[in-house]
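Per-entry structural report
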Amino acid sequence: MKLRIKFSKHGALKFIGHLDVMRYFQKAIRRAGIDIAYSAGFSPHQIMSFAAPLGVGLESNGEYMDIEVNSLTSAKEFTEALNAQMAEGIEVLEVRLLPDNAANAMASVAAARYTIAFRQECQPKFLTSQVIDDYMGQERIVVTKKTKRGEATFDMKPFIYACAFDDATKTISLTVDASSSGNIKPALVLRALYEHNNEPFDEYALLITREETYLNAGTQEQIKLEPLGSIGSVY
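Quantities reported herein were computed from a predicted structural model and do not represent experimental measurements.

1. Quick look at helix H1 (residues 18-31)
If you check H1, its first and last C-alpha atoms are 20 Å apart, about what 14 residues at 1.5 Å a residue would give, namely 20 Å. Every buried residue belonging to H1 is among Val-21, Phe-25, Ala-28 and Ile-29, and all of these are buried. An end-on view of H1 places all buried positions within 100° of arc, on one side of the element. Where the residues of H1 are buried, they touch strand S1 (2-9), strand S2 (48-50), strand S3 (59-68), helix H2 (75-83) and strand S4 (90-98). Gly-33 sits one or two residues past H1 and shows a positive phi near 75°.

Shown next, in the form of structure tokens:
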């Protein structure tokens with residue numbers, strides 16, 4: 001049986017990298033006595049895949065991983081057993097039973113939504129909802145992005161699905177392409193925003209929380225974003 005697990009990651013654990021989080025879950029699953037399936041071959045490993053590795057220093061309320069199990073009593077018992085092994089900062093939020101034909105979490109990722117707050121001493125005075133509207137009103141937002149082959153310059157605007165500023169909380173809500181072909185980082189969007197307003201940018205000022213990770217239930221021409229946890233059923 002294929003399971004999709006939604007979990008959060010906060011506090012000091014935001015400084016733990018993806019590989020360490022993966023190893024942590026492998027150990028926690030063993031301690032919880034979960035009947036996880038293993039791969040075949042000379043070096044069997046737990047069948048597990050993560051949707052979109054979270055950058056070091058970011059918190060999240062919307063992380064996903066897929067695993068396969070040989071047996072399952074109920075989603076409730078599974079969640080309680082795994083949470084009993086979790087360190088402070090990581091919590092399993094939801095478990096769903098996936099249909100057999102479901103694509104794995106990593107291949108399904110289309111977008112992610114973030115909340116961007118600012119350290120108290122770094123709150124930008126220039127930032128307002130009108131500034132965001134002006135920024136998003138540009139015909140093009142051309143940026144340079146580092147890649148494995150060097151640097152690439154491209155128009156980032158088609159990959160920004162939503163961007164708004166909350167004047168009350170002084171935070172930005174940002175939804176961007178998070179697929180393997182796009183994968184726009186929030187800091188890249190903020191850097192371009194600061195440069196557009198002739199303001200010095202310091203990535204240290206950002207407090208970023210990933211709120212949700214989405215799949216595309218529509219087409220490439222008509223994108224329809226739905227949470228990765230929207231498919232499957234509660235067992």
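Continuing now.
2. A look at the nonpolar core
Ranked by internal contacts, the top residues of the largest apolar core, which has 40 residues, are Ile-116, Leu-127, Met-156, Ile-160, Ile-172 and Leu-190. What Ile-116 contacts, discounting residues up to four positions off in sequence, is Thr-171, Ile-172, Leu-174, Pro-186, Leu-190, Leu-206, Leu-207 and Ile-208. Phe-7, Ile-34, Phe-50 and Val-92 belong to the second largest nonpolar core, which has 24 residues in total.

3. Describing the packing of aromatic side chains
The geometry of two aromatic rings is summed up by the distance between their centres and the angle between their planes. Inspection of the entire model under this criterion finds seven aromatic pairs. Ring centres of Phe-25 and Phe-50 lie 6.1 Å apart, and the angle between their planes is 65°; on these two criteria the pair is classed as edge-to-face. Remark: Phe-50 occurs in strand S2 and Phe-25 occurs in helix H1; sequence separation between them is 25 residues. A relative accessible area of 0% places Phe-25 in the buried class. Relative accessible area serves as the criterion here: at 6%, Phe-50 is assigned to the buried category. The interplanar angle of 70° and the centroid separation of 5.2 Å between the aromatic rings of Tyr-194 and Phe-201 together place this pair among those described as edge-to-face. This pair shows no difference in class: Tyr-194 is buried, exactly as Phe-201 is. The rings of Phe-7, Tyr-24, Phe-25 and Phe-50 are connected pair by pair, giving a single aromatic cluster.

4. Brief notes about unusual backbone geometry
With a phi angle near 60°, Lys-170 is a residue other than glycine that sits in the positive phi range. Note on placement: Lys-170 falls in the loop between strand S8 (160-166) and strand S9 (171-177). For Lys-170, a relative accessible area of 38% gives the class partly exposed. Backbone geometry at Asn-183 places phi at a positive 50°, although glycine is not the residue there. Given the relative accessible area of 29%, Asn-183 is considered partly exposed.

The rules behind these values
Residues numbered from 1 in each chain as written. Predicted model: local features only at pLDDT ≥ 70, side-chain atom pairs only at ≥ 80, totals over all residues. Heavy atoms only, no water. Helix = DSSP H or I, 4+ residues; strand = E, 2+ residues; numbered from the N terminus. Expected span 1.5 Å × (residues − 1). Buried < 20%, exposed > 50% of the residue type's maximum accessible area, 1.4 Å probe, protein only. Arc of directions from axis to C-beta. Contact = heavy atoms within 4.5 Å. Core = buried A, V, L, I, M, F, W, Y, C linked by side-chain atoms within 4.5 Å. Phe/Tyr/Trp six-rings, centres within 6.5 Å; stacked < 30°, edge-to-face > 60°.

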